[in-house]
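# Fold and geometry: a report
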Amino acid sequence: MTDLSFTAIGHDDWSLHRKGPADQQRHQQKIKEAVRKNLGQIVSEESIILSDGQKTIKVPIRSLDEYRFRFDHSSGQHTGAGDGDSQVGDVIGRAGGRKARGAGRGPGEAGDSPGDDYYEAEISIDELAALIFADLGLPNLEEKRQQELESEAVQFVDVRRTGILPNLDKRRTILENIKRNAAKGDPHFGGVIRDDLRFKTWDQRVEYQSNAVVIAMMDTSGSMGEFEKYIARSFYFWMVRFLRTKYQQVRIVFISHHTEAKEVTEQEFFHRGESGGTQVSAAYELALRIIADRFPPSDWNIYPFHFSDGDNLPWDNDLCVSLVRRLMEQCNLFGYGEIREGYRGATSTLMSAFNKIHEPKFMAVTISDKKEVYPALKKFFHDRAVPA
Amino acid sequence: MDDPDVAALEAALGEIWAIARRFGLDPTPTQFELVPAAIMYEFGAYGLPGRFAHWSFGKGYYRMKTQYDYGLSKIYEMVINANPAYAFLMDSNSVLQNKLVIAHVLGHTDFFKHNAYFARTNRGMVESVRLHAERIRQYEFDHGTDTVERFLDAALAIQDHIDPHLRFAAAPPTPAAPPRTNPGSPYADLWELGDEATAARDQDAATRQAQALAPARFPAAPEADLLRFLAQHAPDLALWQRDILEIVRAEMLYFVPQMQTKIVNEGWASFHHARILRELDLTDAETVEFANLNAGVIAPHRRSINPYHLGVKLLEDIERRWDQPSPELQARGIQPGSGRAKLFEVRELENDLSLLRNYLTKALVEELDLYLYERQGNEWIIVEKNWEKVRDGLVDEMTNFGNPLIVVDNADHRRSRELYLVHRHEGRDLDPPYAEKTLAYVQQIWGRPVHLETVLNSDRVLFSHDGTKAARTEL
C-alpha cells in the first residue's frame, strides 16, 4: 500500500497576510457610514447625554447586522444538556434585554448562547463628536470671532544687528564684544564697535481671544417636564462640546427662571423643577446684568440660549423682544428653542413675538421630539452663510 | 512553536497515521499547516481560504479573534474537505494539543472520504473558490466595489435558501397515455361504457382541458432554492449578477454536507482522537493535559447542544449496544462484538437527522440529561424532559439547518411579475424585523415588488416590499 500521507508539516510565514483585517476595515468603514446616517438619533442617545461630559466614554454601537430569514429566538423551544439532575422548571439563564448597552462593556458570552449578537463595535465619543461637528459645518463661526476679538500683543521675536537704540539688547552686545576681543587674544569688555551691537526687534502679533461663554437659560416653570428638560440638556451637551473644540475656554452660566430669574449651578439647572408662571424678560435682564458685570464682549464670545415651552405672560413679549435686541448687540448670536411635546395648537405667544425679529444673529427653533435635536443644532450652527 | 517542537510533531504525525490505520481509518491524504492564531480565525470566519472579500467575513474574523484574545473561546482545528485535505494547527498550541488535533483531523478526513453525503462534494473547492474570488474582483473592477458589495449583501442574505436535492429531482413525469383497449371489434367502445378506466380517462381529459384554459402557474411547483430561482428567473439582472448568485450558491452547496453531519462527524473524530492518543507514548504531564483538553472539548452546554459531546456519546453507546446486544437486538440478527463494524456502517450512511432518529434512545437522553427549554418572561426555563419530545425537538432544530423554509410560490403574482414567497410555518415564527430587512434584499434582486406570507402569533401575515417601502398586512 503506497503511503500517500504527507510527512512534513508546513510552517510558513503568514505575517503579510492581511485578508481578515482588510475585510474588518471595510466593516468598520461601513459602521462609520451607518453612524453618520444616524447621527440624528445618536445625538440624543441617553447614555451620552446623561453622562458626565468630561469623561470620554465609549458609545456602544451595534455592529452591522447581517440580515437573513431566521426564527425568532425568543419563541419556540431549544435543546440543551445539563449536569445530570435537571428538572422541568429549572431556570437556566436570564434573557439580557436587547437594549442592554453600557459603557465599557466587557467580553461577552462565548459560544453556547445562540441567537443574540452581542458583538458591538465601539466608537469613542470624541470620534463621534468629530463626525457630528464635521457635519455641522462649523468654520463659519470663526469669521465672526476674528472680527470681534482681535487684541494686539507685542512680542520680541528676533535679534538683529541693526535697529534703534531704545531696542538695544545690552546683554548680547556685551557678549559679542567679549567674544571679539577674545578672538584677538584679550577677553575683556571694551572698545565697542558698531558690529558688536545687537538689537531686539519686535513684531505686532494678533492674538485671538479664545474665550466663549454660554448663557444657558431655561424656563423652569411647572410646564417644563422631564422631556423638555431632557431635550434642553441634550442640546446644551453638544453645544458646549462643540464650543470647546473652537475656543480655549468655555464657561457656562446657568440661569433658570419662572417669574423671577436667578443664576444656578448646573445640577440645579437640570434637576430642580419649579412651579408657577413664566416671565421670560426676567431671565434676559439677568443675562444682561451678568454680561455687564463679568463678561465684557471685547474679551468674550457670548452665546445666550434660551429654552422654554413658549407659554409666556402675554404682556411680557414686547419687553422680551427689545431685551433680545439689546443682547444681540453684545453677543455672537441669540438662540431660542421652544420645546413642545407634540404640537399643541397655534404657535406660542413668545414664538409669534419672536417671529418679528429678522436678524442674522437670531435663531429660533421648535423641537417636539428627540430626533429634532440634531437638526436644531445644525440650524444654529450651520446656516450662517459667510459673506464672500 | 519552534523547530524542535515542529520536528517532534512531525515524528508524531507518522505515528498517528499508523495508529489510525490500525483502527481501520482510511483518511484522505492531508496537508497540515502550522499557522498563527489570527490566520486560524480568519479561515474560521471565511470557511475556506481564498474566498471573496466581504465585510461580513471581516466582522466574523474580528469577533472570533476578540473572543480568543479575551480567552473566551478557542478554535483548535480547521480542516478543509478537499483532496488532498488541508488542516490548520495553531502554532501557539502545545505539542500535545496539536497531536490531539492531528488525530482528530484524521477522523474528519476519513469521514469526508467515506460518508455518503459527501460523495459528490467538489474536492477541488479551494481552487474553485479562488477562481470565484477572481471573477468577483473583476466585477468590482468593472462595475465598482460599492455596486458589487451591495449586490453581495443581498445575495448573502438569502444564501441559506438552497435546495441540495435539486440535482436529484427527476424530470416531471410525463402524463401516462390513457390505456387503449385493442380496437378489435367495431363495437368495442360499447363494452367500455361502464368501465372505470374509461371514466377516469374522460375525467382526465376534462381536467386537462380546464387546466389548459387556466393560466399556467410559474413556478409549476413551489421552489425552495431561492438563489437558483432568482439567478435564473429574476428579470433585469446583468450576467455578472446572476453569476454572483450562482457563486454564492455553489459555495454554500459545498458546505451543506458539513452542516448536515456536524454531530456524527465531530463524534467520529472525537471518538477516534481519544483512542489514538491513548495509544501514543505520552508523558504523565501530557496525559493530564490531554485529559483536560478532551474534557473541555466534549463538555455539555446548558443552552445548546455540543456536537462533540452528543456525537461521541452516541457513537460510544452504539458500539456498546452492538458489542453486547440486548435480546431484542439479537432477535433482529445483531451478533455480539459487532460494535466496530456497526460504527463503520454509521460513518458511511448516517447524517445528523438520521443518527438522532435511529440511535438516540430513552436511556441516552436521560443519561445525558437532555432537555428542551424556552423563554418565559425574562428567563429561560426547562420545559420538557420526556425523551421522545426532546428527541423530536432536537430533530426539529436541525431540520433545514435550523433555517426557516421559504419557498417561491408564485413568480407572477397579480399577473405583474411580483414575487410571492411563502414561509412554510411548522410551529416557529419568523423574526419580524429581520424578515422585513431580508425581504428588502430579495426585492433588490428581483427588481419588482415581492411578498412573503407567514404566520406571526397565529395570524396569517403578509410582508411586502415594493422597492421604496415595506408593508405588513393581515390576511
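Residues numbered from 1 in each chain as written. Chains lettered and ligands numbered in written order. Predicted model: local features only at pLDDT ≥ 70, side-chain atom pairs only at ≥ 80, totals over all residues.

### Structural notes on the overall build of chain A
The following threshold applies: Think of it this way: any DSSP run of H or I at least four residues long counts as a helix, any run of E at least two long counts as a strand, and we number them from the N terminus. Here a residue counts as buried when 20 or more other C-beta atoms fall within 10 Å of its C-beta, as exposed when 12 or fewer do, and as partly exposed in between; the C-beta atoms come from the backbone. Once C-beta atoms are placed from the backbone, any two residues with those atoms within 7 Å are in contact.
Along its length, chain A carries 12 helices and 13 strands. For chain A, with 388 residues in total, the buried portion stands at 27%. Of all intrachain contacts in chain A linking residues separated by at least 6 positions in sequence, the fraction that spans at least 24 positions is 81%.

### As for the overall build of chain B
From N to C terminus, chain B includes 19 helices and 10 strands. Within chain B, contacts between residues separated by at least 24 positions form 70% of all contacts whose residues are at least 6 apart in sequence.

### Comments concerning the sheet that holds strand β1 (residues 30-35) of chain B
In a beta sheet, neighbouring strands are held together by backbone hydrogen bonds and run either parallel or antiparallel to one another. Definition in use: When DSSP finds two or more bridges between a pair of strands, those strands are recorded as paired. Axis definition: a line fitted to C-alpha atoms, over the contacting stretch in the case of helices. Angles run 0 to 180 degrees between N-to-C directions.
Taken in spatial order, the 4 strands line up as β1(A)-β1(B)-β3(B)-β2(B) in an open sheet, and their pairing is mixed. Since the sheet does not close on itself, it has two edges, and those belong to β1 (9-10) of chain A together with β2 (77-80) of chain B, each with one partner. Both β2 of chain B and strand β3 (residues 85-90) of chain B contribute to a ladder of 4 bridges, which runs antiparallel. Paired with E77 of chain B across the two strands is L89 of chain B, which belongs to β3 of chain B. Sheet strands in contact with helix α2 (residues 37-46) of chain B are β1, β2 and β3 of chain B, and its direction is about 135° off that of β3 of chain B.

### A word on the interface of chain A and chain B
At the junction of the two partners, chain A supplies 55 residues and chain B supplies 76 residues. Residue assignment for the side of chain A that touches chain B shows that the elements contributing at least two residues are β1, α1 (19-37), β3 (78-81) and β4 (91-94) of chain A. Where β3 of chain A and strand β4 (residues 370-376) of chain B come together, 4 bridges link them in antiparallel fashion. Bridging across to β4 of chain B, H78 of chain A finds its partner in Y373 of chain B.

### As for the packing of helix α6 (residues 145-157) of chain B against helix α19 (residues 432-446) of chain B
How two helices pack is summed up by the angle between their axes together with the distance between the axes. Residue and element names in this part refer to chain B. Quick note on the threshold: An angle counts as roughly parallel when it lies under 35 degrees, as roughly antiparallel when it exceeds 145, as roughly perpendicular when it falls between 65 and 115, and as oblique in every other case. Left-handed describes a crossing whose near helix is turned anticlockwise from the far helix through less than a right angle; right-handed describes the clockwise counterpart. Three classes are used, and their members are as follows: Ala, Val, Leu, Ile, Met, Phe, Trp, Tyr, Cys and Pro are nonpolar, Asp, Glu, Lys and Arg are charged, and the others, Gly among them, are polar.
The N-to-C vectors of α6 and α19 enclose an angle of 120°; their axes lie 9 Å apart at closest approach. Classified by the angle their axes make, α6 and α19 are oblique. Remark: the crossing between α6 and α19 carries left-handed chirality. Two secondary-structure elements touch here, α6 through D153, A154 and A157 and α19 through T438, Y441, Q444 and I445. Split into classes, the residues belonging to the contact of α6 with α19 amount to 4 nonpolar, 2 polar and 1 charged.

### Structural notes on the sheet that holds strand β8 (residues 450-456) of chain B
All names here are of chain B. Read from one edge of the open sheet, 5 strands run β6-β7-β8-β9-β10, paired in mixed fashion. A strand with exactly one partner marks an edge of an open sheet, and here the two such strands are β6 (406-413) and β10 (470-474). Across the sheet, the mean angle from the axis of one strand to that of its neighbour is 25°, orientation sign disregarded. Pairing of β8 with strand β9 (residues 459-465) involves 7 bridges; the strand directions are antiparallel.

### Observations concerning the nonpolar core
General note: in soluble globular proteins, nonpolar side chains tend to be found buried as a group. All names here are of chain B. The following threshold applies: Connectivity within a nonpolar core runs through C-beta atoms within 7 Å, and the core itself is a set of buried Ala, Val, Leu, Ile, Met, Phe, Trp, Tyr and Cys residues. Here the limits of each domain have been adopted from an automatic or database domain assignment.
Ranked by internal contacts, the top residues of the largest apolar core, which has 77 residues, are L13, I16, M40, A87 and I102. Both domains that meet at this core, namely domain 1 (3-115 + 261-297) and domain 2 (307-399), each give it at least three residues. I102 has contacts with L13, I16 and F32, leaving out every residue within four places of it along the chain.

### Overview of the pairing of β3 of chain B
Residues and elements named next belong to chain B. Across the 6 residues that make up β3, a large majority, 6, are buried. On β3, burial covers both faces: A85, A87 and L89 on one face and Y86, F88 and M90 on the other are all buried. Bridge analysis of β1 against β3 gives 6 bridges, and the strand direction is parallel. When the bridges of β3 are listed, F32 appears paired with A87. In textbook terms, the turn of a hairpin is the stretch between consecutive antiparallel strands, and for β2 and β3 this stretch comprises 4 residues.

### What about the packing of helix α1 (residues 3-22) of chain B against helix α4 (residues 95-114) of chain B?
All names here are of chain B. Between α1 and α4, the least distance of the axes is 10 Å, while the angle of their chain directions is 35°. Our pair here, α1 against α4, has a crossing hand that is right-handed. Touching D5, A8, L9, A12, L13, I16 and A20 of α1 are V95, N98, K99, I102, A103 and L106, all from α4. Residue classes in the contact of α1 with α4 are distributed as 10 nonpolar, 1 polar and 2 charged.

### Here we look at helix α16 (residues 352-359) of chain B
All names here are of chain B. Our working rule: In this description, one arc is meant: the one made by directions from the helix axis to the C-beta atoms.
The complete set of buried residues in α16 reads D352, L355 and L356. What you see down the axis of α16 is that its buried residues fit within an arc of 95°, all on one side. Here the buried face of α16 lies against α10 (239-260), α11 (262-279), α13 (307-323), α15 (339-349) and α18 (387-398).

### Topic: the environment of A18 of chain B
Residue position: A18 of chain B is located in helix α1. With 258 residues separating them along the chain, A18 of chain B and I276 of chain B place their C-alpha atoms 9.7 Å apart.

### As for helix α12 (residues 284-297) of chain B
Heads up, the condition is: What a helix is expected to span follows from its residue count: subtract one and scale by 1.5 Å.
The end-to-end C-alpha distance of α12 of chain B, which contains 14 residues, comes to 20 Å, matching closely the 20 Å that a straight helix rising 1.5 Å per residue would cover. A small share of α12 of chain B lies buried, amounting to 1 of its 14 residues.

### Looking at the confidence of the model for chain B
All names here are of chain B. We apply this condition: As a per-residue measure, pLDDT reflects the predictor's confidence and takes values from 0 up to 100.
Here chain B averages 86 in pLDDT, and 88% of its residues register 70 or above. Within chain B, no element has a lower average pLDDT than helix α8 (residues 196-213), which sits at 64, and none a higher one than strand β7 (residues 418-423), at 94. As a predicted assembly, this complex carries a pTM of 0.66 together with an ipTM value of 0.77.

### Quick notes on the confidence of the model for chain A
All names here are of chain A. For chain A, the average pLDDT comes to 72, and 69% of its residues sit at 70 or higher. Mean pLDDT values over the elements of chain A span from 42, in helix α5 (residues 140-148), up to 90, in helix α9 (residues 280-294). The low-confidence segment residues 97-121 (pLDDT under 50) makes 35 contacts with residues lying over four places distant or belonging to another chain.

### Details of the environment of I252 of chain A
All names here are of chain A. Structurally, I252 is set in strand β9 (residues 249-257). Here the alpha-carbon distance between I252 and P304, two residues 52 residues apart in the chain, equals 9.7 Å. Setting aside residues up to four positions removed in sequence, I252 forms contacts with V214, A216 and V240.

### Examining the pairing of strand β12 (residues 334-339) of chain A
Residues and elements named next belong to chain A. To keep it simple, the criterion reads: For a crossover, the right-handed case is the one in which the path from the first strand over the helix to the second runs clockwise, viewed with the strands pointing away from the viewer.
Most of β12 sits inside the fold, with 6 of its 6 residues counted as buried. Burial of β12 is two-sided: the residues F334, Y336 and E338 facing one way and the residues G335, G337 and I339 facing the other way are all buried. Here 4 bridges tie strand β11 (residues 301-308) to β12, and the two strands are oriented parallel to one another. By the bridge assignment, H306 is partnered in β12 with Y336. Running through helix α10 (residues 317-330), the crossover from β11 to the neighbouring parallel element β12 is right-handed.

### A few points about unusual backbone geometry
Backbone torsion omega between N83 of chain B and P84 of chain B reads 0°, so that peptide bond is classified as cis. As for its position among the elements, P84 of chain B is in the loop between β2 and β3.

### Some thoughts on the environment of I445 of chain B
All names here are of chain B. The topology assignment puts I445 in helix α19. By the C-beta count within 10 Å, which is 24 here, I445 ends up buried. Separated by 204 residues in sequence, I445 and Q241 place their C-alpha atoms 8.8 Å apart.

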